[in-house]
Amino acid sequence: MSKGKKRFIILFVLSLAALTLVTCRHDRKSSFLFRALSYPYDVLNNLTSRMSTASKDHWNAFEENRRLKRDLTAALLEKQRCVEILQENKRLKELLSLKEHSLKYAASAKVIARGYDKLLHTMILDKGKNSGIKKDMAVITAKGLAGKIYSVKDDSSEVLLLRDPNFSAAVRLQNSRREGVVSGTGYRYSLLKYIPPEEEVEKGEPAVTSGLDGIFPPGLPVGVINYVRKEGIEFFQDIRVLPFQDDTTLEEVVVLGK
Amino acid sequence: MNYAKWISFIFLTFLFQTQFSFFRSPLTFTVVLAYYFALKSLPRQSQAGEYFGSGAEMKSAAFGAFIGLLEDILSGSVVGPNLFSKGLIGFIGVTAFTEVVFKWTPVLGIITIVLFTVLDGIIVAGMRSIFTSIQINAVAAAQIVFIQALVNIPFGIILKPKKFRLTD
């Protein structure tokens, strides 16, 4: 067989294999083979992450302890104040007959690695199905919304970050109560969509989740408006939102149940 | 021993790829690995100046396809885009250095690794946008590929085909 024919056969087999397998969308739980192949990498990632975390924790333990003691004192004082405010709030809500929406806690998890998919902005968490995490659950930090659960395995899960263009969440501007949809752009900022030009939106106004999408509970801080453009637009304003939580500093998160 | 070496290379590549980023961009060391394997499997040159051992192309393409398959599986999306792109890099890597290029220089190494990184980016992004419903921001994807190519440049200089010598 000539060299040219051999090359054609190699290319043909390669293309055929890719095009055949491309129809095989897997969700990491359907195939034993896929799970078996990805298992060593998940274990390795977990291991290296634990090692680096342990050494870092040890290194910072003393300083962290001192800071925590200081923060604890401040937090206790703050807690006293908050208890008063919460009780007052509850009383007022009862008066208004409003139903209280409590956030359902699912799990707290650590970020152990960047996601495997280069085209998506994802992070891998060290908790999964065994800790009660399910697909599409909201992922938050103390600063605000960080993303949502994209895929779940037994002991790990993947978070689709707010930055990703495939991420969207229904939001409401905190002061003006206008509703829109926040979508990732691939950059640090996100876009606030579907705000018509006649609406007045001010820079610096915070955006929180509205809960209308059925995924995120209402009231989670998302970000702050940092750019508004009304000129040269078509149907909606060009509004940019700077998320409160920068995903490059994401270390520990809380996953909220539905 | 040789298998153990390549298996550890694959492990380390995926580990580095998932643990590190450059200017917030994910890296693509699997392209470098496929390229390195292609260079390593370059056929020896005979005295007459003719190459033999045409199985190198198949071997290199198969290795590239295997690491691409692993990457696809780990990514949790469709299986195929990385398989095809890395397989193609393995195949072209051998073909180019046996049929097209007759003298290796560092500049050529840089050009090759940059072209392979861009080719990988185009194939993966193209196939993913065709066969899945994910949205890809073309400008952001181009920036990522650009940074990945920049990071891979040193490997283009370092990785040199040892058995590749021009007969006088």
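Residues numbered from 1 in each chain as written. Chains lettered and ligands numbered in written order. Predicted model: local features only at pLDDT ≥ 70, side-chain atom pairs only at ≥ 80, totals over all residues. Heavy atoms only, no water.

## Concerning the interface of chain B and chain A
By a frequent convention, interface size equals the accessible area lost on bringing the separate parts together. Taken together, the contact pairs 56 residues of chain B with 40 residues of chain A. Buried surface at the junction of chain B and chain A, summed over both partners, amounts to about 4300 Å²; 64% is from carbon and sulfur atoms. Connecting chain B to chain A are two salt bridges. A salt bridge links Arg7(A) to Glu57(B); its shortest N-O distance comes to 2.6 Å. Scanning the region where chain B abuts chain A turns up four residue pairs in polar contact (both at pLDDT 80 or more). Those elements that place two or more of their residues in the side of chain B that touches chain A are α1 (2-19), α3 (55-75), α4 (81-100), α5 (106-131) and α6 (138-158) of chain B. (Contact = heavy atoms within 4.5 Å. Buried area = accessible area lost by both parts, 1.4 Å probe. Salt bridge = Lys/Arg side-chain N within 4 Å of Asp/Glu carboxyl O. Polar contact = N/O pair within 3.5 Å; in protein donor to acceptor, adjacent residues only side chain to side chain. Helix = DSSP H or I, 4+ residues; strand = E, 2+ residues; numbered from the N terminus.)

## Structural notes on a nonpolar patch on the surface
All names here are of chain A. Judged by side-chain polarity, Phe8, Ile9, Phe12, Val13 and Leu16 come together as a nonpolar surface patch covering roughly 510 Å² of accessible area. The residue isoleucine 9 is located in helix α1 (residues 3-21) in this model. According to the relative accessible area criterion, isoleucine 9 is partly exposed, its value standing at 40%. (Patch = residues over 30% accessible without salt bridge, like charges linked within 9 Å, V, L, I, M, F, W, Y side chains within 5 Å. Areas by Shrake-Rupley, 256 points an atom, 1.4 Å probe, with all protein chains shown as cover. Buried < 20%, exposed > 50% of the residue type's maximum accessible area, 1.4 Å probe, protein only.)

## So, the sheet that holds strand β7 (residues 179-183) of chain A
Two pairing modes exist for strands in a sheet, parallel and antiparallel, and in both the strands are linked by backbone hydrogen bonds. Residues and elements named next belong to chain A. The sheet built from six strands closes into a barrel, its strands ordered β6-β7-β8-β11-β10-β9 with antiparallel pairing. Ignoring which end each strand starts from, the neighbouring axes of this sheet average 40 degrees apart. With three bridges joining them, strand β8 (residues 190-193) and strand β11 (residues 238-243) adopt antiparallel strand pairing. Note that in β11 the partner of serine 190 across the bridge is valine 241. (Pairing = 2+ DSSP bridges. Axes fitted to C-alpha atoms, helices over the stretch in contact; angles between N-to-C directions.)

## As for empty space enclosed by the protein
Tallied over the full model, the rule gives five cavities of 30 Å³ or more. The wall of the largest cavity is formed by 14 residues, among which Arg114(A), Leu120(A), His121(A), Thr122(A) and Arg24(B) lie closest to the centre. Here the lining of the largest cavity is built from residues that sort into four nonpolar, four polar and six charged. Counted as a void, the second largest cavity has a volume near 90 Å³. Surrounding the second largest cavity, Leu119(A), His121(A), Asp164(A), Pro165(A), Asn166(A), Gly186(A), Gln135(B), Ile136(B), Asn137(B), Ala140(B), Ala141(B) and Ile144(B) form its lining. When its residues are assigned to classes, the lining of the second largest cavity shows six nonpolar, five polar and one charged. (1 Å grid on protein atoms, 1.4 Å probe; cavity = no way out; pocket = protein on both sides within 12 Å on 5 of 7 lines; lining within 4 Å. Points joined across faces, edges and corners; volume = space filled by probe spheres on them. Nonpolar A, V, L, I, M, F, W, Y, C, P; charged D, E, K, R; others polar.)

## Brief notes about the environment of Leu42(B)
All names here are of chain B. Along the chain, leucine 42 turns up in the loop between α2 (29-40) and α3. Judged by its relative accessible area of 6%, leucine 42 is buried. In sequence terms leucine 42 and glycine 55 are 13 residues apart; their C-alpha atoms lie 9.7 Å from each other.

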